[in-house]
Amino acid sequence: MMKCLNHPSAFPIADVGLHNALKVQLQLERKPTIEEINEFAANWEGWQAYATFYLWRSLYE
């Protein structure tokens, strides 16, 4: 949905890359749970796909 349909609210919450990126960016000792990710993403409403792309991209730095 994110890439093909250009849906900015698409959010692959179970994606391992997303979990790893949040762990790195937030300097956590473990990967965040689904509930924690929902809390982090509460302010991303309507922009979840963009946030996910930036988080994925941060893994390549």
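Higher on the page you've got the structure.
Note that the coordinates shown come from a computational prediction; the quantities given were computed from them, not determined experimentally.

A.B. asks: Before we move on, can you summarise the packing of aromatic side chains with the specific residues and values?
C.D. replies: Two aromatic rings are characterised by how far apart their centres lie and by the angle between their planes. Across all of its chains, the model carries 3 aromatic pairs by this definition. Here Phe 11 and Trp 44 contribute two aromatic rings whose centre-to-centre distance is 5.9 Å and whose plane-to-plane angle is 90 degrees, an arrangement assigned as edge-to-face. Highlighted residues: Phe 11 in the segment before α1 (16–25) and Trp 44 in the loop between α2 (34–40) and α3 (48–58), separated in sequence by 33 residues. With centroids separated by 5.3 Å and ring planes inclined at 50 degrees, the aromatic side chains of Trp 47 and Tyr 50 adopt a geometry described as tilted.

A.B. asks: Requested: an account of the nonpolar core, with residues and values cited.
C.D. replies: Ranked by size, the top nonpolar core spans 5 residues in total: Leu 18, Ala 21, Leu 22, Ile 37 and Leu 55. Of the residues forming this core, the biggest block, 3 residues, is contributed by α1. Those residues in contact with Leu 55 that lie beyond four places of it in its chain are Leu 18, Ala 21, Leu 22, Gln 25 and Trp 44.

The rules behind these values
Residues numbered from 1 in each chain as written. Predicted model: local features only at pLDDT ≥ 70, side-chain atom pairs only at ≥ 80, totals over all residues. Heavy atoms only, no water. Phe/Tyr/Trp six-rings, centres within 6.5 Å; stacked < 30°, edge-to-face > 60°. Helix = DSSP H or I, 4+ residues; strand = E, 2+ residues; numbered from the N terminus. Core = buried A, V, L, I, M, F, W, Y, C linked by side-chain atoms within 4.5 Å. Buried < 20%, exposed > 50% of the residue type's maximum accessible area, 1.4 Å probe, protein only. Contact = heavy atoms within 4.5 Å.

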